[in-house]
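Each chain, letter by letter, is given below.
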Amino acid sequence: MPGLLRGVARTAVVAGTATAVSNRVSRRQQGRWAAQQGYQEPPAPQAPYPAAAPQTPDMSSKIEQLQQLGELKAQGVLTDAEFEDQKRSVLDS
């Protein structure tokens, strides 16, 4: 389960970064093309890119994750400390 959560978080960060970079490159190219044609639109105010925030799952999703963690602990896959860490991360999200 920790690998799954880590993988989902990594995917979200990579996707957010790729989108931000793509948008920035598109704006830069548009500005260069406009300058080559002899006119330039006033630049839009740029806000800093917010950090990719993980989506907050609804309560049923949290309950499902907690049940899966409980099953893994009961099977002996997770230690008590690992279970508490994962439970805390699910409840804090």
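Residue numbers run consecutively from 1 along every chain, following the written order of its sequence. With pLDDT at 70 or above as the cut-off, local features in this predicted model cover only qualifying residues; side-chain atom pairs require 80 or more to be listed or tallied, and sums for whole chains, interfaces and linings still use all residues. Processing note: side-chain calculations cover all non-hydrogen atoms of the structure and skip hydrogens and water entirely.

Visitor: How do you make sense of the overall build of the protein chain when you look at a structure like this?
Guide: Labels follow the DSSP assignment, with helices taken as runs of H or I lasting at least four residues and strands as runs of E lasting at least two, numbered in each case from the N terminus. From N to C terminus, the protein chain includes 3 helices and 0 strands. Residue burial in the protein chain is summarised as follows: out of 93 residues, 11% are buried. In the protein chain, the proportion of contacts linking residues at least 24 apart, taken out of those at least 6 apart, comes to 61%. When accessible area is computed with a 1.4 Å probe and restricted to protein chains, residues below 20% of their type maximum are described as buried, those above 50% as exposed, and intermediate ones as partly exposed. It only takes one pair of heavy atoms within 4.5 Å for two residues to be counted as in contact.

Visitor: So what exactly am I meant to see when it comes to the nonpolar core here?
Guide: Soluble, globular proteins show a tendency: their nonpolar side chains are buried together. Counting residues in hydrophobic clusters, the biggest one holds 5 residues: Leu69, Leu72, Leu78, Phe83 and Val90. At the level of secondary structure, the elements contributing two or more residues to this core comprise α2 (59-74) and α3 (80-92). Buried residues of nine kinds, namely Ala, Val, Leu, Ile, Met, Phe, Trp, Tyr and Cys, make up a nonpolar core once their side-chain atoms join them within 4.5 Å.

Visitor: Explain α3 here, please?
Guide: Along its 13 residues, α3 runs 18 Å from first to last C-alpha, staying within 8% of the 18 Å computed at 1.5 Å per residue. Among all positions in α3, only Phe83, Gln86 and Val90 are buried. Angular distribution of buried residues about the axis of α3 spans 70°; they occupy a single face of the element. Set apart from the buried face of α3 by more than 90 degrees, the exposed residues are Asp80, Ala81 and Asp92. What a helix should span is 1.5 Å times the count of its residues minus one. Directions are taken from the helix axis to each C-beta atom, and the arc is the one they span.

Visitor: How do you make sense of the environment of leucine 66 when you look at a structure like this?
Guide: As for its placement among the helices and strands, leucine 66 is situated in helix α2. On a C-alpha basis, the gap between leucine 66 and arginine 88 in space is 9.8 Å, while along the polypeptide they are 22 residues apart. Beyond its immediate stretch of four places on either side in the chain, leucine 66 contacts Lys87, Val90 and Leu91.

Visitor: Looking at this structure, I do not really get α2. What am I missing?
Guide: Residues spaced three or four apart along an α-helix point in a common direction, a consequence of the helix completing one turn every 3.6 residues. In a regular helix each residue adds 1.5 Å, so 16 residues correspond to 22 Å; α2 covers 22 Å between its end C-alpha atoms and thus fits that length. Of the positions making up α2, those classed as buried are Lys62, Gln65, Leu69 and Leu72. Angular distribution of buried residues about the axis of α2 spans 85°; they occupy a single face of the element. Turned more than 90 degrees away from the buried face of α2, the exposed residues are Met59, Gln67 and Ala74.

As far as function goes, none of this settles anything; it's purely spatial.
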